[in-house]
Amino acid sequence: MLYYDVRAIKKLADDAESFYEFYKEWIGKVEVKHALNLLKISSLYYNRFSEQSEEDYILYFGRCIYQLLVRFPVHRDLILKTENECRTIHLAYNNFFRRVRVMEKRYYKILGGEYKLNAFLIFSEISMSIICSLLKNVPSERLDNIFPVVIRIDGLPLSENITPQDMKSVSMIFDQISSYTGNIFRELRNLNILDLEHDCSEQAVKKTGNWLKEWDDFDSLNRISDLFRFCNAEFSYSDLNNTSLIVDEHCAYKAYEIARSRFSMRGTSLFYEIQELLKENPNFIEQMKPLVPEWINKRDFFSIAYFSEMENMSPEDLYIEYGGVNIYSWIHAYEMLIELAKEEVDNRFKKTVPGGLKLKDWVISHTRDEWVRFFVNGGLSWTIAALVTDYFTFDDKALDINDCPLLSYGDSLFLMPSIVSISCATRSLLSLFSAKNITSQDKGKSHERQFIQRLKNAGVCAEQLSLRKDYECDCAMLIDDHLFFIELKSNGHPIHFNRYYQTLVNIREGANKSLI
């Protein structure tokens, strides 16, 4: 399977006219399959977050198709087939956004729309709190004494009826709602009034639940477009009302799903390994303390072990800084937020009188300075506390609320307890580093040293080469009179498919570099 540098193509396609001029010249140098694949990946035929006008569709994508027909007349049928499939994607997105627009108009007409983001965040926090109640075995009759509106998600049992087999479905639904909440907040946060003191109506809160259904459809639509753009999936039209997608068995999306499952399973497996280790050696954490900062506590150790495992880093390597903050500080800060959120959720389930329908009743809100002091009280320095507070603040680069759990409101930052209480610090931090492009040169150097040392331990002659200013080889090794020049890449574990695909591109670029 061929892979294309999505980042470079997207940068070109951001200016549609410039892309067209580039594309018109470029297709004269390549085969038709490359020309079609690049056009599919460019997304020139639809808008990701809004309707695309017919004029724009024809002006840019239509002209590219015309140039393809001129350049490859013998492949006319294949080009027109691809155009028809791209048209299917174009219409699907446009129909979705028209439907959302109609839904929005109805919401405004019935309830007014000034504080709809308030209402949605309340809906989301209550619905996820009720899911948490299943995990904590809170009796269902208690819910009316805790929540002003009892929101039940389709497919979820009552706490009295829940079985071990249900737990996986419960966790999946929670993760979905958490993810969709972050996505919806990202899209609406600059377009809607947010007021923690506003008292929402019960009807307004319930109505915003439709957004989760719409985002579920949008998520499916994005998955279809990913399969079409990156995995050579083809549309099959059985009739006017039924269209299906045929996916190749070597599709990269399947490999991504397997990798993601393994990533999750490794975390579960590691948890039980640590439990067994602590049974065999109850003093293990005490023995580790001389190797870690003094403010690290017992609850941090699983995330430390998980991060070390996922990033192949030793305890000494966790002093490496990402964005001016070492890994120990990152983990400790995020675990502090998890602990705070858990306390809030636990206290919520002890209530005997339902909370109100103001957003302040369902979130933890402080000023930025108060959050900085919160981290300082946990052992971090003032400088590090300020840095993590700002990194944790949700902005345009944030992928979801797990990455950036502090949401802005005026001069304050608030946290949604139900989401953060069940967050995984390691996965959230890895996603945050990727989203905000927080990197460390030391990580790559550390892995290079580990790799070379392992080769030497195995009796292989290996060294890093730095022969002149413009040439460096990460590792040169000699085996049976054969000299190998190796380019090493230290890629983080991608959370989302587009980043997984780009990682494959980066790996292949590194391999090509090593052959030059």
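Here the structure is shown first, and the text comes after it.
Engineer: Sorry, what's going on with the sheet that holds strand β7 (residues 412-415) here?
Structural biologist: Strand pairing in a sheet is mediated by backbone hydrogen bonds. Such pairs are either parallel or antiparallel. Read across the sheet, three strands follow the order β5-β7-β6 without closing on themselves; strand pairing throughout is antiparallel. Among the strands making up the open sheet, the edge pair consists of β5 (364-367) and β6 (407-409). Averaged over all neighbouring strand pairs, the angle between strand axes comes to 35 degrees, with direction disregarded. Here β6 runs beside β7; their pairing, made up of three bridges, is antiparallel. Residue serine 408 lies in a different strand from β7, and its bridge partner there is leucine 413.

Engineer: I'm lost on the environment of isoleucine 422 in this one. Help?
Structural biologist: Within the secondary structure, isoleucine 422 sits in the loop between α16 (417-421) and α17 (425-435). A C-alpha to C-alpha distance of 21 Å links isoleucine 422 and glutamate 160, two positions 262 residues apart in sequence. Not counting residues up to four positions away in its chain, the partners in contact with isoleucine 422 are Cys132, Leu135 and Phe174.

Engineer: What should I look at first to understand the side chain of histidine 90 in this one?
Structural biologist: Relative to the helices and strands, histidine 90 is located in helix α5 (residues 76-111). Take histidine 90: its relative accessible area is 1%, and that puts it in the buried class. Separated by 2.9 Å, the side chains of histidine 90 and glutamine 52 make a polar contact. Discounting chain neighbours no more than four positions away, the residues touching histidine 90 are Tyr45, Tyr46, Gln52, Ser53, Glu54 and Tyr57.

Engineer: What is the right way to look at empty space enclosed by the protein in this model?
Structural biologist: Empty space left among the atoms is revealed by rolling a probe the size of a water molecule over them. Throughout the structure, instances matching the rule amount to two cavities of 30 Å³ or more. Taken together, Leu2, Tyr4, Asn37, Lys40, Ile41, Arg229, Phe230, Asn232 and Tyr501 make up the lining of the largest cavity. Counting residues per element, the lining of the largest cavity draws most heavily on helix α3 (residues 32-42), at three residues. Its residues assigned to classes, the lining of the largest cavity comprises five nonpolar, two polar and two charged. In this structure, the second largest cavity encloses a volume near 30 Å³. Residue lining of the second largest cavity: Ser133, Leu134, Val138, Ser140, Leu143, Arg152, Pro157, Leu158 and Ser159, and that is the complete set. When the residues that make up the lining of the second largest cavity are grouped by side-chain class, the tally is five nonpolar, three polar and one charged.

Engineer: What is the right way to look at helix α9 (residues 210-230) in this model?
Structural biologist: One turn of the α-helix equals 3.6 residues, which is why residues spaced by three or four share an orientation. Under the 1.5 Å per step criterion, the end-to-end length of α9 is 30 Å for 21 residues, consistent within 8% with the ideal 30 Å. Directly after α9, the chain includes asparagine 232, whose backbone phi takes a positive value near 60 degrees.

Engineer: I keep staring at unusual backbone geometry and nothing clicks. Help me out?
Structural biologist: Of all residues except glycine, most have a negative phi; of all peptide bonds, most are trans. In the Ramachandran plot, asparagine 137 falls in the positive-phi region, its phi being about 60 degrees despite a non-glycine side chain. Within the secondary structure, asparagine 137 sits in the loop between α6 (116-135) and α7 (166-188). A residue is classified by how much of its surface remains accessible, and asparagine 137, at 54% relative accessible area, is exposed. Of note in this structure, aspartate 480 is not a glycine but carries a positive phi near 50 degrees. If you trace the backbone, aspartate 480 turns up in the loop between β9 (471-479) and β10 (482-486).

Engineer: I'm lost on the packing of helix α12 (residues 301-311) against α17 in this one. Help?
Structural biologist: When two helices pack together, you describe them by how their axes are tilted relative to each other and by the distance separating the axes. Where α12 contacts α17, the two axes come as close as 9 Å, and the packing angle between them is 50 degrees. Classified by the angle their axes make, α12 and α17 are oblique. Along its contact with α12, which presents Ser303, Tyr306, Phe307, Met310 and Glu311, the element α17 presents Ala425, Thr426, Arg427, Leu430 and Phe433. Looking at the contact of α12 with α17 residue by residue, the classes come out as six nonpolar, two polar and two charged.

Engineer: Sorry if this is basic, but what is going on with the nonpolar core here?
Structural biologist: As a rule of thumb, soluble globular proteins bury nonpolar side chains together. Grouped together as the largest cluster of nonpolar side chains are 150 residues, with contacts concentrated most on Tyr23, Leu68, Trp330 and Phe392. Per-element tally for this core: the top contributor is α6, with 12 residues. Among the nonpolar cores identified, the runner-up in size contains seven residues, and Ile452, Leu455, Cys475 and Met477 belong to it.

Engineer: In this structure, what is going on with the state of the cysteines? I would like to understand it.
Structural biologist: Joining two cysteines, a disulfide is a covalent bond between their sulfur atoms. What the rule picks out here adds up to zero disulfides. The thiol sulfur of cysteine 64 is not disulfide-bonded, and the nearest other cysteine sulfur, from cysteine 86, lies at 10 Å. Among the residues examined, cysteine 64 registers a relative accessible area of 0% and is labelled buried.

Engineer: What is the right way to look at the layout of surface pockets in this model?
Structural biologist: Of the volumes computed, that of the second largest pocket is approximately 470 Å³. The wall of the second largest pocket is formed by 18 residues, among which Phe49, Phe97, Val100, Leu188 and Trp215 lie closest to the centre. Of all the secondary-structure elements, those providing two or more residues to the lining of the second largest pocket are α5, α7 and α9. Sort the elements by how many residues they give to the lining of the second largest pocket and α5 lands first, with six residues. Here the lining of the second largest pocket is built from residues that sort into 11 nonpolar, one polar and six charged.

Engineer: Before we go on, may I ask you to explain the side chain of asparagine 402 in this structure?
Structural biologist: Along the polypeptide, asparagine 402 turns up in the loop between α15 (382-392) and β6. Asparagine 402 sits in the buried class, given a relative accessible area of 17%. Here the side chain of asparagine 402 touches serine 423 through a polar contact of 2.6 Å, side chain to side chain. When neighbours within four sequence positions are excluded, asparagine 402 is seen to be in contact with Ser178, Tyr334, Ile419, Ser423 and Ser428.

Cut-offs used in this document
- Residues numbered from 1 in each chain as written.
- Predicted model: local features only at pLDDT ≥ 70, side-chain atom pairs only at ≥ 80, totals over all residues.
- Heavy atoms only, no water.
- Pairing = 2+ DSSP bridges.
- Helix = DSSP H or I, 4+ residues; strand = E, 2+ residues; numbered from the N terminus.
- Axes fitted to C-alpha atoms, helices over the stretch in contact; angles between N-to-C directions.
- Contact = heavy atoms within 4.5 Å.
- Buried < 20%, exposed > 50% of the residue type's maximum accessible area, 1.4 Å probe, protein only.
- Polar contact = N/O pair within 3.5 Å; in protein donor to acceptor, adjacent residues only side chain to side chain.
- 1 Å grid on protein atoms, 1.4 Å probe; cavity = no way out; pocket = protein on both sides within 12 Å on 5 of 7 lines; lining within 4 Å.
- Points joined across faces, edges and corners; volume = space filled by probe spheres on them.
- Nonpolar A, V, L, I, M, F, W, Y, C, P; charged D, E, K, R; others polar.
- Expected span 1.5 Å × (residues − 1).
- Parallel < 35°, antiparallel > 145°, perpendicular 65-115°, else oblique.
- Core = buried A, V, L, I, M, F, W, Y, C linked by side-chain atoms within 4.5 Å.
- Disulfide = S-S within 2.5 Å.

The values are spatial; any link to function lies outside them.
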